[in-house]
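So you can see what is in the structure, the chains are spelled out below.
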Amino acid sequence: MGGIFFAATGLVTPLADADAARAATDKLALAEQSLCAGSGGDSTIQSLENRPPVSPEQAVAIAAGDALFKGNCAQCHAVNDVVVGPALAGLHKRRPVSWLIPWIKNSSKVVASGDEYAVKLFNQYQKQQMPSFALSDQEIRQILAYLEVESNSGMTKTSAVALN
Ligand code: HEC
């Protein structure tokens, strides 16, 4: 386990379209507040599930999440395929937002905390460690909203790691 701390430092510079999304994000502050009301849990994200027509605010947040995902995550992740990291389809069903936000900001810290799921995942994908991201909670929620919509657009759910 000596290697855990090592790769924790790589702070990924967001690519150009992520910067654009960041600018858009400021304008979105109000829309996002309503999308993310009840900031403590994943209920908002999950509640998107049975509402196929998304509101304009949600559509804008999802578009921002799309750009953030492509700029920061897509080199290692796809929704339905394992790339460098696990397929992210069905993520909203297996991990709460309260776990995902700290994970995406600094996965090594979550692994180092002894979190059972994180340790298993890290061991399973130890060839490549996920970098840390200087994204805001709001930006991460936008990425998660995008991933949920993508997950629901068909295809099978995959499980990254089995507990028990
Ligand atoms: C350099 C490659 C890389 C990049 C870039 C990357 N990840 Fe990862 N990600 C991984 C790896 C590898 C894992 C598996 C865990 C480990 O090895 O630490 C992982 C695991 C995850 C998990 C847990 C998946 C599960 O099924 O439980 C989530 C969520 C995740 N990444 C989200 C993201 C998001 C969101 C971004 C962009 C902001 C991102 N990742 C960028 C490599 C990457």
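Conventions and cut-offs
- Residues numbered from 1 in each chain as written.
- Predicted model: local features only at pLDDT ≥ 70, side-chain atom pairs only at ≥ 80, totals over all residues.
- Helix = DSSP H or I, 4+ residues; strand = E, 2+ residues; numbered from the N terminus.
- Buried ≥ 20, exposed ≤ 12 C-beta atoms within 10 Å, placed from the backbone.
- Contact = placed C-beta atoms within 7 Å.
- Arc of directions from axis to C-beta.
- Axes fitted to C-alpha atoms, helices over the stretch in contact; angles between N-to-C directions.
- Parallel < 35°, antiparallel > 145°, perpendicular 65-115°, else oblique.
- Left-handed = near helix turned anticlockwise from the far one by under 90°.
- Nonpolar A, V, L, I, M, F, W, Y, C, P; charged D, E, K, R; others polar.
- Core = buried A, V, L, I, M, F, W, Y, C linked by C-beta atoms within 7 Å.
- pLDDT = per-residue confidence, 0-100.

*Asks:* Run through the overall build of the protein chain, naming residues and quoting values.
*Replies:* The helix and strand tally for the protein chain stands at 9 helices and 0 strands. By the burial criterion, 33% of the 164 residues in the protein chain qualify as buried. Once local pairs closer than 6 in sequence are excluded, the contacts in the protein chain between residues at least 24 apart make up 78%.

*Asks:* Describe helix α8 (residues 116-124), naming the residues involved and giving the relevant values.
*Replies:* Of the residues making up α8, those classed as buried are A118, L121 and F122. Buried residues along α8 cover an arc of 100° about the axis, so they all sit on one side. Exposed positions of α8 whose direction lies more than 90 degrees from the buried face are E116, N123 and Q124. As for α8, its buried residues are in contact with α6 (97-105) and α7 (107-112).

*Asks:* So what's going on with the packing of α6 against helix α9 (residues 137-152)? Residues and values would help.
*Replies:* Running from amino to carboxyl end, α6 crosses α9 at an angle of 115°, the nearest separation of the two axes being 10 Å. In this view, α6 runs roughly perpendicular relative to α9, as classed from their interaxial angle. The way α6 lies across α9 gives a crossing that is right-handed. Residues V97, L100, I101 and I104 of α6 form the contact with α9, whose participating residues are D137, I140 and L144. Residues that form the contact of α6 with α9 fall into these classes: 6 nonpolar, no polar and 1 charged.

*Asks:* An account of the nonpolar core is requested, with residue identities and associated values reported.
*Replies:* In terms of nonpolar packing, the biggest core is built from 30 residues, with I143, L144, Y146 and L147 touching the most fellow members. For this core, the elements supplying multiple residues, two or more each, are α4 (56-72), α6, α7, α8 and α9. No other element matches the 7 residues that α9 contributes to this core.

*Asks:* Tell me about the environment of A67, and please be specific about residues and values.
*Replies:* Along the chain, the position of A67 falls in helix α4. Taking the C-alpha atoms as reference, A67 lies 9.6 Å from Q142; in sequence the two are 75 residues apart.

*Asks:* How would you sum up the packing of α4 against α9? Please name residues and give values.
*Replies:* Their axes nearest at 7 Å, the elements α4 and α9 cross at an angle of 95°. Comparing the axis directions of α4 and α9 gives the class roughly perpendicular. Every residue of α9 that contacts α4 at Q58, A61, I62, A64, G65, D66, L68 and F69 is listed here: E139, Q142, I143, A145, Y146 and V149.

*Asks:* Tell me about α6, and please be specific about residues and values.
*Replies:* Residues V97, L100, W103 and I104 constitute the buried set of α6. For α6, the buried positions fall inside an angular range of 125° around the axis, keeping them on one side.

*Asks:* So, the confidence of the model for the protein chain: which residues are in play, and what are the values?
*Replies:* Per-residue confidence for the protein chain gives a mean pLDDT of 76; residues scoring 70 or more make up 61%. Model confidence for the protein chain, summarised as mean pLDDT per element, is weakest for helix α2 (residues 29-35) at 41 and strongest for α6 at 98. Within the model, pLDDT remains below 50 along residues 1-16, and this stretch shows 23 contacts once partners closer than five positions in the same chain are excluded. Residue range residues 23-43 is modelled with pLDDT below 50. Its contacts to residues more than four positions away, or to other chains, number 28 contacts.

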